[in-house]
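# Coordinate analysis (summary)
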Amino acid sequence: PTARAYIGDVTSKEDRVASMGKIGAAMASGMLLGPAISSGLVAIGEINTPFFVAAVVSLFNAVSVSLFLPESLKQKSQKLIIREGVLNFLTVFRNLKTEQGILFLILFTWSFSMSNKQVSFPLLGQERFGIGAETIGYFFTAAAVVSIVMQGYLLPKIVNWLGEKRTIFLGLMVMGLSTVILPFSLTLLFLIPFYLLWGVGGALNRPTAEGMISRLSKVGQGTTMGIAHSFESLGRVFGPLLAGFLYGQVAPEAPFILSALMLIILAFAGLKYIKISNLRISSEKTTLVVD
């Protein structure tokens, strides 16, 4: 959230969504390369070698930030005042009443769906198609590649064409429809495109929603993006819990259907309640259309 807040400080409003997409692509690249590099390190070293390498990389990043990254806040007099307790969840939920509230819910639903799928999909793949950890890893890798391409290259073009509100709607609908189809796939070949479509939808709506949240912020970027991250974290809490329970106690299709319903409902709620409908990006001017 601090890195996203930094982006919010140093980018113009018309570049905000594209910049959020780039940091999302960077994260997806790490998720793609991390396992591959770790496997190579284990092959040439010991089982604990990847942990030491990761520690060195983290330390290098920390030193680099300290030495070379300029402060994004130009007004040094700004102070962060925390009036609520650290574990006061009411502070988070009060933000649902703001104009960004629907966007916070969209991030929660995206995160819920992602973590729900990460639990349910491997179980479904093993039970229905007999695929193991290696094949599941290929699915995750392919999804990361799709996310990199979408967020790093295609997202700004799509937002420029459709506008932010309709981009979020499209992303949520693609996620929802592909999610509900996944558990009813009859063959592995039928399963693959809908799994990848889920990644396409997520790459459309998450960075777009984050860019809008940042642009609509009336307080510090750090505070705003911290709240956004809190909603994502709540999704990661409830997604796996409900996925495991529904898969084991109700039906293998149940967690997928619940996730799809939430995504589709939020898609139409976003169309109704998101106030800023379009941000057209061009080399000459930026046009902002408000409902």
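Description of the structure in this document. (Residues numbered from 1 in each chain as written. Predicted model: local features only at pLDDT ≥ 70, side-chain atom pairs only at ≥ 80, totals over all residues. Heavy atoms only, no water.)

Our next topic: empty space enclosed by the protein. Evaluated as defined, the whole model comprises one cavity of 30 Å³ or more. Size it by volume and the largest cavity reaches roughly 40 Å³. Along the walls of the largest cavity sit Pro-1, Arg-4, Glu-210, Met-225, Ala-228, His-229 and Glu-232, which together make up its complete lining. For the lining of the largest cavity, the element with the most residues is helix α9 (residues 221–249), which contributes four residues. Its residues placed into classes, the lining of the largest cavity shows three nonpolar, one polar and three charged. (1 Å grid on protein atoms, 1.4 Å probe; cavity = no way out; pocket = protein on both sides within 12 Å on 5 of 7 lines; lining within 4 Å. Points joined across faces, edges and corners; volume = space filled by probe spheres on them. Helix = DSSP H or I, 4+ residues; strand = E, 2+ residues; numbered from the N terminus. Nonpolar A, V, L, I, M, F, W, Y, C, P; charged D, E, K, R; others polar.)

Attention now goes to the pattern of salt bridges. Enumeration according to the criterion identifies six salt bridges in this entry. Note that Glu-210 is salt-bridged to Arg-4, the shortest N-O span being 2.9 Å. Of this pair, Glu-210 sits in helix α8 (residues 188–216) while Arg-4 sits in helix α1 (residues 2–10), and the two are 206 residues apart along the sequence. For Glu-210, a relative accessible area of 2% translates into the label buried. (Salt bridge = Lys/Arg side-chain N within 4 Å of Asp/Glu carboxyl O. Buried < 20%, exposed > 50% of the residue type's maximum accessible area, 1.4 Å probe, protein only.)

Turning to the side chain of Thr-167, a few remarks are in order. Relative to the assigned elements, Thr-167 resides in helix α7 (residues 164–181). On the basis of relative accessibility, which here comes to 0%, the residue Thr-167 falls in the buried class. Aside from chain neighbours lying at most four places away, what touches Thr-167 is Leu-155, Ile-158, Val-159, Leu-162, Leu-204 and Thr-208. (Contact = heavy atoms within 4.5 Å.)

Moving on to the nonpolar core. Core analysis: the largest hydrophobic core is formed by 33 residues, its most contacted members being Ile-102, Leu-103, Ile-106, Ile-168, Leu-172, Ile-213 and Ile-274. Counting only elements with at least two residues in this core, the list comes to α1, α2 (16–44), α5 (101–129), α7, α8, α9 and α10 (254–273). In terms of residues, this core owes the most to one element, α5, which gives nine residues. Beyond its immediate stretch of four places on either side in the chain, Leu-172 contacts Ile-106, Asn-205, Leu-263, Leu-266 and Ala-267. Membership of the second largest hydrophobic core comes to 12 residues, among which are Phe-121, Ile-131, Leu-182 and Tyr-195. (Core = buried A, V, L, I, M, F, W, Y, C linked by side-chain atoms within 4.5 Å.)

Note that every value here comes from positions in space, so none of it alone points to a role or purpose.
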